Amino acid sequence: MAKRAAAPAGPLGDDFSFVSPVAKYVLFFFNLLFWMISVVMVAVGVYARLLKHAEAAMACLAVDPAILLVVVGVLTFLITFCGCVGSLRENLCLLRTFSVCLTVVFLLQLATGVLGFVFSDEARGKVSEIINGAIVHYRDDLDLQNLIDFGQKEFSCCGGVSYKDWSQNMYFNCTATNPSRERCSVPFSCCLHDAGQAVINTMCGHGMQARGYLEASAFIHTNGCIDKLVNWTHSNLFLLGGITLGLALPQLVGIVLAQLLISQIRDQIKLQLYNQQHRADPWY
């Protein structure tokens, strides 16, 4: 008895999907996590901004940590929102937007790192310009003041190139016409502190700019923060590389998952079109 010929393979059923639930929901929760972080960043930045006086806010917008936090938070919010909704709704437009934005951010970070390494002298000049601007606005912004104090304590330094850079600040200016009680002084974060000292003397930097390097070095750090920052960078290249990799890795994972999901959704659309065409075929 002759065997019956096998029926030709028909189109895949409607319940079949090329879209992997693993890729879809991993990308969704990945973006949801960073979306929530971005909301916290924006909230903290706005709260810090509202606590400041209007005149102080207008004096130092370029180096305001609160503004920087808000800008980064808003960009992260928009990008991760596209990733969240795009993956959950399987929306090609939003997924492409997410993938492109994340790729641009990654390439900008890579370009910044390469250019900073190649043009190290120019980068040093830019850092010096930023530090000098921060010194000028030291008393105008509490966040900036705390950031500078933390940096000077952490790196055991004072000013940009030397402790006398603090003369650029209107309160610490060392000219005879300066009526400030802090004339010729430096912030207390420049001072040498005894490990056993229980109470910090906030006036320890009084009149230090009027003293020579040798005399002042007995009370404060006289070396500038730029050289200390450069030396620290050279000594911690592996640490910085690890931090950079830690920042880049989630971005690369997001790009790969988005591209994978985009490819799967395209295949699913082709399958649906194929099934619709065969349903319309009277011989199907």
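Everything below is about the structure printed above this text.
Residues numbered from 1 in each chain as written. Predicted model: local features only at pLDDT ≥ 70, side-chain atom pairs only at ≥ 80, totals over all residues. Heavy atoms only, no water.

> Help me understand the pattern of salt bridges, please; the structure alone is not making it clear to me.
Note that side chains of opposite charge can pair when their charged atoms are close. Evaluated as defined, the whole model comprises 4 salt bridges. Residue K24 pairs with E90 through a salt bridge whose shortest N-O separation is 3.1 Å. Of this pair, K24 sits in helix α1 (residues 21-50) while E90 sits in the loop between α3 (65-89) and α4 (92-118), and the two are 66 residues apart along the sequence. Residue class for E90 comes out partly exposed when judged on its relative accessible area of 30%. For the salt bridge of R139 with E182, the shortest nitrogen-to-oxygen distance reads 2.5 Å. One end of the pair, R139, is in the loop between α5 (120-136) and α6 (142-155); the other, E182, is in the loop between α6 and α7 (213-216), with 43 residues separating them in the sequence. Residue classification places E182 among the partly exposed residues on the basis of a relative accessible area of 24%. (Salt bridge = Lys/Arg side-chain N within 4 Å of Asp/Glu carboxyl O. Helix = DSSP H or I, 4+ residues; strand = E, 2+ residues; numbered from the N terminus. Buried < 20%, exposed > 50% of the residue type's maximum accessible area, 1.4 Å probe, protein only.)

> Would you take a moment to explain the environment of F77 for this structure?
Along the chain, F77 falls in helix α3. Judged by relative accessible area, which is 29%, F77 ranks as partly exposed. In the structure, F77 is positioned 36 residues away from M41 in sequence and 9.5 Å away in space, judged by C-alpha atoms. Filtering out sequence-adjacent residues up to four positions away, F77 remains in contact with W35, S38 and V39. (Contact = heavy atoms within 4.5 Å.)

> Is there a simple way to think about a nonpolar patch on the surface in this case?
A surface patch of nonpolar side chains, amounting to about 730 Å² of accessible area, comprises L107, L110, V114, L115, F117, V118 and F119. Within the fold, L110 resides in helix α4. A relative accessible area of 48% means that L110 is categorised as partly exposed. (Patch = residues over 30% accessible without salt bridge, like charges linked within 9 Å, V, L, I, M, F, W, Y side chains within 5 Å. Areas by Shrake-Rupley, 256 points an atom, 1.4 Å probe, with all protein chains shown as cover.)

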